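For reference, the chains in residue letters:
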Amino acid sequence: MASAAHIMNDDVELAEAELSKGSSPFHKLGLSTALFLRAVLGFEKEVMEKAHACLTDAEEVASEHQRRAVRDPSKAHQSKIYSAGAEYALCHAESQLMSAVVAVLNESLTESLKGFYKLRKAFATLHDISEQERRYLGRTGRGVGSSQVSVVAPSSGRETPGLSSGVLTPADSGEEEDEDDFVDAKESGSAPGTPPPTYRGGANERSMEKLSLEDTVTNRSNGGTPPTNTPIESDSALAQADQEIDFRTITSDPIDLFIHSGTALCFGLLQVLLSMIPPAFARLLSLFSFRGDREAGLRMLWSASKFKHNINGAMAGLITLGFYNGAVAFCDILSPGAVPHTRLRNLLREMRELYPGSKLWLLEEARMLGADRQVERAIAIVDQGQSSGLKQVNALRMFERSLNCMYAHRYEMCAQGFIECVGMNSWSHGMYYYLAGSCYVELYRLHKGSDAKLAEGYAAKAEEYLHVVPQHVGKKGFMGKQLPFDTFVGRKIKKWDFRAEKWGCKMVDAVGVSPVEEMAYFWSGFRRRNVEQLRTSLERLAWSEDVKANPHWEQESADEKATLAMLRATCFRFLGEIPKAKTTITEGVFSHDLVEVKACDFPDTWSLPVAHYELAVCCWDEAG
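If you're wondering where the values come from, they're calculated on a predicted model, not measured in any experiment. (Residues numbered from 1 in each chain as written. Predicted model: local features only at pLDDT ≥ 70, side-chain atom pairs only at ≥ 80, totals over all residues. Heavy atoms only, no water.)

A. Main features of the overall build of the protein. Each helix and strand counted, the protein has 26 helices and four strands in total. Taken across its 624 residues, the protein has 59% of its residues classed as buried. For the protein, restricting intrachain contacts to residue pairs at least 6 apart in sequence, the fraction spanning at least 24 positions comes to 74%. In the form shown here, the protein has an accessible surface area of approximately 25,300 Å², with 54% of it arising from carbon and sulfur atoms. (Helix = DSSP H or I, 4+ residues; strand = E, 2+ residues; numbered from the N terminus. Buried < 20%, exposed > 50% of the residue type's maximum accessible area, 1.4 Å probe, protein only. Contact = heavy atoms within 4.5 Å. Areas by Shrake-Rupley, 256 points an atom, 1.4 Å probe, with all protein chains shown as cover.)

Spelled out as structure tokens, the structure:
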């Protein structure tokens, strides 16, 4: 428990030192979790490699202890709920799950495929544990688990009552796991020909089937109109959450509680992860016959987050906050009650009280404020307190702060922040330099007409950082492919250099529509801006059409004109001027066809398909 507190308080080095003293599966799992946290927060290759090695060791140790427990149950932990060795089976599954995530984040397609295969194996173990729990609850008249639906048991083809619907259902193929095409990673958990121990049960409580993640919308005193599609929530969610069956009333055995919370955490994370896989990777998922159920996964994560004092509950809370403040915060179309604002704030408050040393909670609070269109307050929150003991958290704080500075039009601070990120994190230096250079382009334009000397200084910095970008793109990948952003910025630099030579001007004068506003769109920054900041964005965009400030507008290409209209329409949408946004899209974007746009030099074609999306969001907002 003390090591879990160290990890969640950003004191990972102390946690690693303490956990390294032990050799049990729990010590190995804790150490692996600390390294896993470093890996997923920083995306640094060397850290991911170290985490992978530690996780492999944790898998092997857990598997060996599980085999011993099954061989001699009398010497194993005696549980009324779970079979002998269940705690080690869980440690093994958790290690596999974290290893799978690290593998998918790896730049190698082969490693990513191995990661997906580990997800299948982790699921089989978790399903067996949850079945044991379900049967115990049934025998004692407590119910049969969270969602009374069927899940196909791995490699059997049989449907059994169990977890919530859509739970990563393995194919009804009737084939044994060993017949898969992939070669298994080395496992010491079972001797050849020895079947693994079997576990049966339900991973969570029946009442979670009726759990609503709705609650009251907070008052948004941000000086501007709220997002037009913010769902209205019901107060019933918190009351329903309070009525959930608390597994601590069923058992007080700390190992049983660890197994229960860990199973809910892992199942929840598995489902949420697989539900977020992009459509392009659907064929990969079909190889393993998995599909995710986001709603069921979130119910399990909420259930696991009750156990905040152990590492499973703390991680569940962090993942839940990260999902809503990260992935969901980027969405423009949300169903009613999709974001449980009050419940999330309560969870964040509890986590901050329990683990006050962690700066991750400040980061999550800043993200909440950003979603409320209060980016200035978000910047102030991130700046609070001392540096974290975890360098990856400090890098994340700087990155988040710099993005918010971009949304708030604080260009100098934004540029300086991204340059600092270069020395704090190795993930994407090309992106950091591009964003910094783009900010200096904006500063050059702002001062060009009033202070020529200052403007020239900004122009020099813009060109310096932008010309460094090509040296850093193409070095990072995901599942064997170059990152889309690297491809995008590489082409932009070539485009601006080509135009500068063609027009006989400096590169900074050949830049088209505000690259800062373009990047703000890609990072969902417009939805974080209040009215005043959106008006400022319209002013920055208007610079392009000002022939006095921008003498090159008359020869501007069709793709840049379409991009300008797209960004302007987005501002109108978030200002609540939906008819004006739709007209701008129709007249400013759809007036250019794809053939015309592709004929431009190093064309930006993204505005045409994205305009259809923006028009759909406008229709959604009107209907709401």
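B. Spotlight on the pattern of salt bridges. Using the criterion set out here, one finds 36 salt bridges in the structure. Residue Lys118 is joined to Glu59 by a salt bridge in which the shortest nitrogen-to-oxygen separation is 2.7 Å. Residue Lys118 is found in helix H6 (residues 109-139), and its partner Glu59 is found in helix H4 (residues 45-71); the two are separated by 59 residues along the sequence. Three or more residues are tied together by salt bridges with common partners; here these are Arg491, Lys492, Lys495, Glu518, Asp559, Glu560 and Asp604. (Salt bridge = Lys/Arg side-chain N within 4 Å of Asp/Glu carboxyl O.)

C. How the structure looks around the packing of helix H17 (residues 429-447) against helix H21 (residues 515-522). Running from N to C, H17 and H21 point in directions that differ by 135 degrees, and their axes come no closer than 8 Å. By the angle between their axes, H17 is oblique relative to H21. Here Tyr434, Leu435, Ser438, Cys439, Val441 and Glu442 of H17 lie close against H21, whose contacting residues are Pro515, Val516, Glu518 and Met519. Considered class by class, the residues forming the contact of H17 with H21 number seven nonpolar, one polar and two charged. (Axes fitted to C-alpha atoms, helices over the stretch in contact; angles between N-to-C directions. Parallel < 35°, antiparallel > 145°, perpendicular 65-115°, else oblique. Nonpolar A, V, L, I, M, F, W, Y, C, P; charged D, E, K, R; others polar.)

What is shown is where atoms sit, not what they do.
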